Amino acid sequence: MADSPYLTAPVKSKGMPKGIPYIIGNEAAERYSFYGMKAILVIFMTKYLMDNNGEVAPMSEGDAKVWYHLFNSAVYFTPLLGAIIADAFFGKYKTIIGLSLVYCAGHLALALDETRLGLTVGLTLIAIGAGGIKPCVSAHVGDQFGKTNGHLLSKIFAWFYFSINFGAFLSQIMTPVLLDRYGPHVAFGVPGGLMLLATIVFWMGREKFIHIPAGGMGFIKETFSKTGLKIIGRLCVIYIFVAMFWALFDQSSSAWVLQADKMDRNLLGLEWLPSQIGAINPVMIMTFIPIFTWLIYPALNRVFPLTPLRKIAIGFFVAVPSFLIPAWIETQIAGGELPNIIWQIAAYVVLTAAEVFISITALEFSYTQAPKKMKSLILGFFLMSVSIGNLFTAGVNHFIQNPSPSFKADVKGTYVLQLEVGDGETTETDTVTIEVGPEKIEPSLLRKLWDGLRNRTDGKKKSDSPKGEKETTKKPPTANAGNSRAVPPSQLVRLYGTAGKGDYNGVFTYAWKFVLQPEDANAITLHKADTRNAHFTPRTEGAYELEFVVRVGEAAEAVATNTVIILVTDGNLPPVVNIAEGGEVPINQRVMLNGADTSDPNGDSLTYRWSFVSVPEGSKLANANLKGPTFPGPTSKLTGANYYLFFAGMMLLAALIFIPVAMAYKPKEYLQDEAESGETEG
């Protein structure tokens, strides 16, 4: 390749290639951008997402998990496309630069638009950009080495993984704070800026890199040769098992974040945000890499030869208890306890150990097992294991959702429905009125895009106030003291306060206080009254009313209050039926019913039954036409501990089946040829 201005083959050397610092710097900044965006994604979708009118319209937890894992699946499916583009047509360097710009555009869309439109566009572009460059960057690292310094590959892949986790740690600590203090625009914008920096750093190293030319027809021939197809097939069998690990691992950014939101997050004198807890993973990775490299691996190697496939097999078994711990946490939450976040950190310790055994090993193993012209392609197949794992998790979360109670109106008019709720002893009912209006004609996609952009411009930037009068109204903070409930005397009562900042920025401060107590009640100590989760032990029967006060920052008006009643009694109280308001819906739209906020003061299991009270004249609907009449609202077939036990069981099954598969695999290494001429370095 005499016409190339760059080196096209590794120079014979015993030292580290000159381009490695640029790759490491690029990877650290790129991973900051990616993991920062991912860290806040579920919280953004469940708390900050808006509609086209600028009103908060968050997703349910189940929907957010499906969106998150579908996105993660797409991110790790597109590597296959990026690998083909790089290996067959443009080479790794040009592919990385081009797709990095697409990546930056995705961050820009998330930063500018807080609606589902911005979310869809942003995540699509990031999936194409982030996914497309992943196999190219990993293979580009290996391309810098020849046979003389090939022994350094294990070390550099460890440092490469270290840079990934260094960037991930910083972003997972900082980005949730940016979201909490400054909102989605800044929280998504800063990772976007880091992605632009990553692109610039990579471009700066262009003259230091080894640019392995695209394989062209050689890539096609090697890929579709008998040997190439056999290698792909053998490795893909391994990757199917690795996919099960990723199905567990990536829930640390979805299910584990939602679980952390229900736990006591006070640790080391701070109340940690739910999406910050995941930062413990990259810290542990950076700690574990040298420990495993210099202590654990040599110790195991003295017991039996520690091959890459044996490392992966051990990792599968280690991953199982990482989901048994969250299952135990769920049993505590279901029992009214408030486990400290230290228990979830223990789960991270186990999950991270499994990651070191599996992920780093599989990355290096994939590169060495790939033929020379198929490096990016094989790494693309390896990354598809992440895609398949997330697709499995998204599929599970989709299929375990029970149908929301609903019906399809057959005529216009007023429909009245009743929800009957029983706790085994008593029954309570409530009704909801639905007005079904004229048919709604759905606008075209272009119209939706235009209306969305216009509404964001007109609704957010223009004031409805008279000309010259500045709009100063800000949304106040919100406080929720939780559901009122009944407990027997002498039982510990834990309070569960939640809060929102509205349009204010600053640090939350909390205060609980008694508003009302029974006259003959003795003095009661309210423990941790300055946290979200105060607790006390009442011994006298009667009603205890408590007020939850939330303040944001120092502004005098940035205060919200809410009260909750704790009734201390040995008696049974009836369920409290709470149905979401009806309103008007078009006749061509399915009517969804939601009584999911219904609760039982005693914590009893409840039964539900929706039925029609009345329908408009001419309607032929009856109770048999109701879909999901025995569910209160959107619910799940796998809840609490059972959800985590299901995935732990699947991981254990995969680990057991993997043993004979690993024993049958016969590995063979392929490394890049060195340049025939050129000075020896190092």
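Residues numbered from 1 in each chain as written. Predicted model: local features only at pLDDT ≥ 70, side-chain atom pairs only at ≥ 80, totals over all residues. Heavy atoms only, no water.

Draft legend 1. Highlighting the overall build of the chain. The secondary structure content of the chain amounts to 16 helices and 18 strands. In summary, the chain has a C-alpha radius of gyration of 28 Å against a globular reference of 26 Å for 682 residues, a match within 12%. Taking the principal axes of the C-alpha coordinates as reference, the chain spans close to 90 × 60 × 55 Å. Of the contacts formed within the chain by residues at least 6 apart in sequence, a portion of 79% connects residues at least 24 apart. Counting every atom, the chain has about 31200 Å² of accessible surface; 60% of that belongs to carbon and sulfur. The chain carries 57 positive and 58 negative side-chain charges, and their two centres are separated by 12 Å. (Helix = DSSP H or I, 4+ residues; strand = E, 2+ residues; numbered from the N terminus. Rg over C-alpha atoms; globule rule 2.2 N^0.38 Å. Contact = heavy atoms within 4.5 Å. Areas by Shrake-Rupley, 256 points an atom, 1.4 Å probe, with all protein chains shown as cover. Lys, Arg positive; Asp, Glu negative; His and termini not counted. Charge placed at Lys NZ, Arg CZ, Asp CG, Glu CD.)

Draft legend 2. Expanded view of empty space enclosed by the protein. Going through the model one piece at a time under the given rule, you end up with two cavities of 30 Å³ or more. Looking at the largest cavity, its volume works out to about 450 Å³. Along the walls of the largest cavity sit 31 residues, with Arg31, Tyr35, Tyr76, Tyr161 and Ile164 positioned nearest its centre. Counting residues per element, the ones that place at least two in the lining of the largest cavity are helix H1 (20-48), helix H4 (116-143), helix H5 (153-182), helix H8 (226-249), helix H10 (280-303), helix H13 (342-369) and helix H14 (375-399). When residues in the lining of the largest cavity are grouped by element, the largest group, six residues, is from H5. Volume-wise, the second largest cavity comes out at about 40 Å³. Lining the second largest cavity we find Ala39, Gln172, Ser252, Ser253, Val257, Pro274, Ser275, Ile277, Gly278 and Tyr348. Each residue belonging to the lining of the second largest cavity can be placed in one class, and the counts come to five nonpolar, five polar and no charged. (1 Å grid on protein atoms, 1.4 Å probe; cavity = no way out; pocket = protein on both sides within 12 Å on 5 of 7 lines; lining within 4 Å. Points joined across faces, edges and corners; volume = space filled by probe spheres on them. Nonpolar A, V, L, I, M, F, W, Y, C, P; charged D, E, K, R; others polar.)

Draft legend 3. Here's a closer look at the sheet that holds strand E14 (residues 559-568). Spatial ordering of the open sheet is given by E8-E14-E13-E11, a layout of four strands whose pairing is mixed. Either end of the sheet is taken by a strand with one partner, and the two such strands are strand E8 (485-487) and strand E11 (508-516). Across the sheet, the axes of successive neighbouring strands diverge by a mean angle of 30 degrees, strand direction being ignored. With three bridges connecting them, E8 and E14 associate as parallel partners. Bridging across to E14, valine 487 finds its partner in valine 568. (Pairing = 2+ DSSP bridges. Axes fitted to C-alpha atoms, helices over the stretch in contact; angles between N-to-C directions.)

Draft legend 4. Geometry of the pairing of strand E13 (residues 542-552). In the sheet, E11 pairs with E13 via eight bridges, with the strands oriented antiparallel. Note that in E13 the partner of lysine 513 across the bridge is glutamate 547.

Draft legend 5. The packing of helix H11 (residues 308-319) against H13, seen in detail. Interaxial distance between H11 and H13 falls to 8 Å at its minimum, and their mutual angle equals 155 degrees. Considering the angle they form, H11 stands roughly antiparallel to H13. Here the hand of the crossing between H11 and H13 comes out left-handed. Where H11 abuts H13, its residues Pro308, Leu309, Lys311, Ile312, Ile314, Gly315, Phe316, Val318 and Ala319 lie against Val350, Ala353, Ala354, Phe357, Ile358, Thr361, Ala362 and Phe365. (Parallel < 35°, antiparallel > 145°, perpendicular 65-115°, else oblique. Left-handed = near helix turned anticlockwise from the far one by under 90°.)

Draft legend 6. Highlighting the pairing of E14. Here 10 bridges tie E13 to E14, and the two strands are oriented antiparallel to one another. Of the residues in E14, the one forming a bridge with alanine 543 is leucine 567.

Draft legend 7. The arrangement of the pattern of salt bridges in detail. Inspection of the entire model under this criterion finds 10 salt bridges. Salt-bridge contacts for aspartate 261 lead to lysine 47; the nearest nitrogen and oxygen are separated by 3.5 Å. Of this pair, aspartate 261 sits in the loop between helix H9 (255-260) and strand E1 (266-267) while lysine 47 is found in helix H1, placing the two residues 214 residues apart along the sequence. By relative accessible area, aspartate 261 is classed as partly exposed at 25%. Of the charged contacts, one joins glutamate 271 and arginine 532 as a salt bridge, the two residues approaching to 2.6 Å between their closest N and O atoms. On the criterion of sequence distance, the pair formed by glutamate 271 in strand E2 (residues 270-271) and arginine 532 in the loop between E11 and strand E12 (535-536) is long-range, its members being 261 residues apart. Put simply, Lys47, Asp261 and Arg265 are held in one network by salt bridges that share partners. (Salt bridge = Lys/Arg side-chain N within 4 Å of Asp/Glu carboxyl O. Buried < 20%, exposed > 50% of the residue type's maximum accessible area, 1.4 Å probe, protein only.)

Draft legend 8. Geometry of the side chain of glutamate 355. With respect to the helices, strands and loops of the structure, glutamate 355 is situated in helix H13. The buried charged residue glutamate 355 lacks any salt bridge partner; its closest oppositely charged side chain belongs to arginine 31, at an N-O distance of 9.4 Å. The contacts of glutamate 355, once residues within four sequence positions are left out, are Tyr161, Phe245, Phe249, Asn281, Ile285 and Ile360.

Draft legend 9. Spotlight on the environment of glycine 167. When you line up the elements, glycine 167 lands in helix H5. With 142 residues separating them in the primary sequence, glycine 167 and glycine 25 have C-alpha atoms 9.5 Å apart.

Draft legend 10. Representation of unusual backbone geometry in the model. Positive phi, close to 70 degrees, is recorded for serine 490, a residue that is not glycine. Assignment of secondary structure puts serine 490 in the loop between E8 and strand E9 (493-494). Positive phi, close to 50 degrees, is recorded for lysine 528, a residue that is not glycine. Here lysine 528 lies in the loop between E11 and E12. A residue is classified by how much of its surface remains accessible, and lysine 528, at 44% relative accessible area, is partly exposed.

Draft legend 11. Summary view of the side chain of arginine 265. Relative to the helices and strands, arginine 265 is located in the loop between H9 and E1. The exposure class of arginine 265 is buried, given its relative accessible area of 5%. Side-chain polar atoms of arginine 265 contact the backbone oxygen of aspartate 261, separated by 3.4 Å. At 2.5 Å, the side chain of arginine 265 and the backbone oxygen of tryptophan 272 are in polar contact. Dropping the residues within four chain positions of it, arginine 265 is found in contact with Ala260, Leu270, Glu271, Trp272, Leu273, Pro274, Ile341 and Arg532. (Polar contact = N/O pair within 3.5 Å; in protein donor to acceptor, adjacent residues only side chain to side chain.)

Draft legend 12. Geometry of the packing of aromatic side chains. Per the counting criterion, the structure on display carries 33 aromatic pairs. A ring pair is formed by phenylalanine 89 and phenylalanine 90, whose centres lie 6.4 Å apart and whose planes are at 50 degrees; its orientation type is tilted. Residue phenylalanine 89 is classed as exposed on the basis of its relative accessible area of 58%. Among the aromatic residues, ring-to-ring pairing joins Trp256, Phe323, Tyr348, Phe392, Tyr643, Tyr644, Phe646 and Phe647 into one connected group. Here lysine 65 stacks its cationic end above the ring of tyrosine 643, 4.5 Å away from the centre of that ring. A cation over an aromatic ring shows up here: arginine 234 above the ring of tyrosine 665, its NZ or CZ 4.4 Å from the ring centre. (Phe/Tyr/Trp six-rings, centres within 6.5 Å; stacked < 30°, edge-to-face > 60°. Lys NZ or Arg CZ within 6 Å of the ring centre and 35° of its normal.)

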